[in-house]
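# Descriptive analysis of the structure
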Amino acid sequence: DQQVKQNSPSLSVQEGRISILNCDYTNSMFDYFLWYKKYPAEGPTFLISISSIKDKNEDGRFTVFLNKSAKHLSLHIVPSQPGDSAVYFCAASAVDSGYALNFGKGTSLLVTP
Amino acid sequence: GAGVSQTPSNKVTEKGKYVELRCDPISGHTALYWYRQSLGQGPEFLIYFQGTGAADDSGLPNDRFFAVRPEGSVSTLKIQRTERGDSAVYLCASSPSLDRVINEQFFGPGTRLTVL
């Protein structure tokens, strides 16, 4: 049963524009959320995280927004660059399930020049 | 190297055989995790260690899967009587601590297991 859902398998954006990747979750016990970026033949690389006590976290071109009431989070990349092309995974964890990460299926982002 | 390393990078085996997959975490990281990623899916949690002990093995699919971390550093994931459905990329990750404020997990490149 998928507790973290990324409903868009792919997204194409022009260089310089904003990329918005969405994620929904069902488990109200999740209290920490992370975004990972993955290139082919490599392991996922941590990008940015947010605790459930916040609704926004920003790091350079990357901003994560959390809407707890809607059980929804999003990753904004501004401006998008061709090097951002990768698969992005949303992940969540809860205290009562240890620190194991529950991942979505990923969204493949393509940034075109 | 400073990152998480996994060996072998690729493993091809026959149905019914036994395999071992190795993970070298980042030096000093006390927490170690194993995940499995099937085609078109996100990584799926298998087991995690805090030090030498398995703190949570609820993700292991059945008793053919076992993992150890005898000295609190290197970990080995062991799969007995492999089945074709075990084919996947097995990812290892480590984390400096179980501090809830810092829960970033650093992933290795994975071992691609193919069971023929």
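I will try to describe carefully the structure that is included in this document. (Residues numbered from 1 in each chain as written. Chains lettered and ligands numbered in written order. Predicted model: local features only at pLDDT ≥ 70, side-chain atom pairs only at ≥ 80, totals over all residues. Heavy atoms only, no water.)

What chain B contains, in helices and strands, is 0 helices and 11 strands. In terms of overall dimensions, chain B is globule-like: its C-alpha atoms have a radius of gyration of 13 Å, near the 13 Å expected for 116 residues. Projecting the C-alpha coordinates of chain B onto the three principal axes gives extents of approximately 40 × 25 × 25 Å. Within chain B, the proportion of its 116 residues that are buried is 47%. Sequence separation of at least 24 residues holds for 54% of the intrachain contacts in chain B that already meet a minimum separation of 6. Charge separation in chain B, taken as the distance between the mean sites of 12 positive and 12 negative side-chain charges, equals 7 Å. (Helix = DSSP H or I, 4+ residues; strand = E, 2+ residues; numbered from the N terminus. Rg over C-alpha atoms; globule rule 2.2 N^0.38 Å. Buried < 20%, exposed > 50% of the residue type's maximum accessible area, 1.4 Å probe, protein only. Contact = heavy atoms within 4.5 Å. Lys, Arg positive; Asp, Glu negative; His and termini not counted. Charge placed at Lys NZ, Arg CZ, Asp CG, Glu CD.)

On to the sheet that holds strand β6 (residues 56–59) of chain A. Strands in a sheet are paired, the pairing made by backbone hydrogen bonds, and the direction either parallel or antiparallel. An order of β1-β3-β8-β7-β6 (chain A) is seen for the 5 strands of this open sheet, with the pairing classed as antiparallel. Across the chains shown, the open sheet's two edge strands, defined by having one partner strand only, are β1 (4–5) and β6 of chain A. (Pairing = 2+ DSSP bridges.)

Right, let's talk about the packing of aromatic side chains for a bit. Scanning all chains against the criterion turns up 13 aromatic pairs over all chains. Ring centres of Tyr 35 of chain B and Phe 107 of chain B lie 5.4 Å apart, and the angle between their planes is 45°; this geometry places the pair in the tilted category. Note that Tyr 35 of chain B is positioned in strand β4 (residues 31–37) and Phe 107 of chain B in strand β10 (residues 106–107), a separation of 72 residues in sequence. Taking relative accessible area as the criterion, Phe 107 of chain B reaches 10% and is therefore assigned buried. Cluster of aromatic residues (ring-pair linked, three or more members): Tyr 36, Phe 46, Phe 89 and Phe 103 of chain A together with Tyr 33, Tyr 35, Phe 45, Tyr 48 and Phe 107 of chain B. (Phe/Tyr/Trp six-rings, centres within 6.5 Å; stacked < 30°, edge-to-face > 60°.)

Residue and element names in this part refer to chain B. Extensive coverage of strand β9 (residues 88–95) is indicated by the burial of 8 of its 8 residues. Here β9 shows a buried face lined by Ala 88, Tyr 90, Cys 92 and Ser 94 and a second buried face lined by Val 89, Leu 91, Ala 93 and Ser 95. Relative to β9, β4 is paired through 7 bridges, and the arrangement is antiparallel. Within the sheet, the bridge partner assigned to Tyr 33 lies in β9 and is Ala 93.

To continue, consider the pattern of salt bridges. Under the definition given, this model contains 6 salt bridges over all chains. For Asp 84 of chain A, the salt bridge identified is with Arg 61 of chain A, shortest N-O distance 2.8 Å. Here the residue Asp 84 of chain A occupies a position in the loop between β8 (72–77) and β9 (86–93), and Arg 61 of chain A occupies one in the loop between β6 and β7 (62–67), the gap between them amounting to 23 residues. Here Arg 36 of chain B makes a salt bridge to Glu 44 of chain B, at a shortest N to O gap of 3.9 Å. (Salt bridge = Lys/Arg side-chain N within 4 Å of Asp/Glu carboxyl O.)

Right, let's get into the side chain of Arg 36 of chain B. All names here are of chain B. Along the chain, Arg 36 turns up in strand β4. With a relative accessible area of 12%, Arg 36 lands in the buried category. Within the local environment of Arg 36, its side chain forms a polar contact with the side chain of Tyr 90, the two groups lying 3.5 Å apart. (Polar contact = N/O pair within 3.5 Å; in protein donor to acceptor, adjacent residues only side chain to side chain.)

With that out of the way, let us pick up unusual backbone geometry. In this structure, the amide linkage connecting Val 78 of chain A to the following residue, Pro 79 of chain A, adopts the cis form with an omega of -10°. Along the polypeptide, Pro 79 of chain A turns up in the loop between β8 and β9. Cis geometry marks the peptide bond from Thr 7 of chain B to Pro 8 of chain B; its omega dihedral reads -10°. With phi around 65°, Ala 41 of chain A is a residue other than glycine that occupies positive phi space. Structurally, Ala 41 of chain A is set in the loop between β4 (32–38) and β5 (45–51). One non-glycine residue, Arg 81 of chain B, lies in the positive phi region at around 45°. Structurally, Arg 81 of chain B is set in the loop between β8 (75–79) and β9.

What follows concerns the pairing of β8 of chain A. All names here are of chain A. Within β8, 5 of the 6 residues are buried, which leaves the element mostly enclosed by the surrounding structure. Summarising the sheet, strand β3 (residues 19–25) and β8 pair through 6 bridges and their orientation is antiparallel. If you follow Asn 22 over to β8, its bridge partner there is Ser 74. Across 6 bridges, the pairing between β7 and β8 is antiparallel. From the neighbouring strand, Phe 62 faces β8, where its bridge partner is Ile 77.

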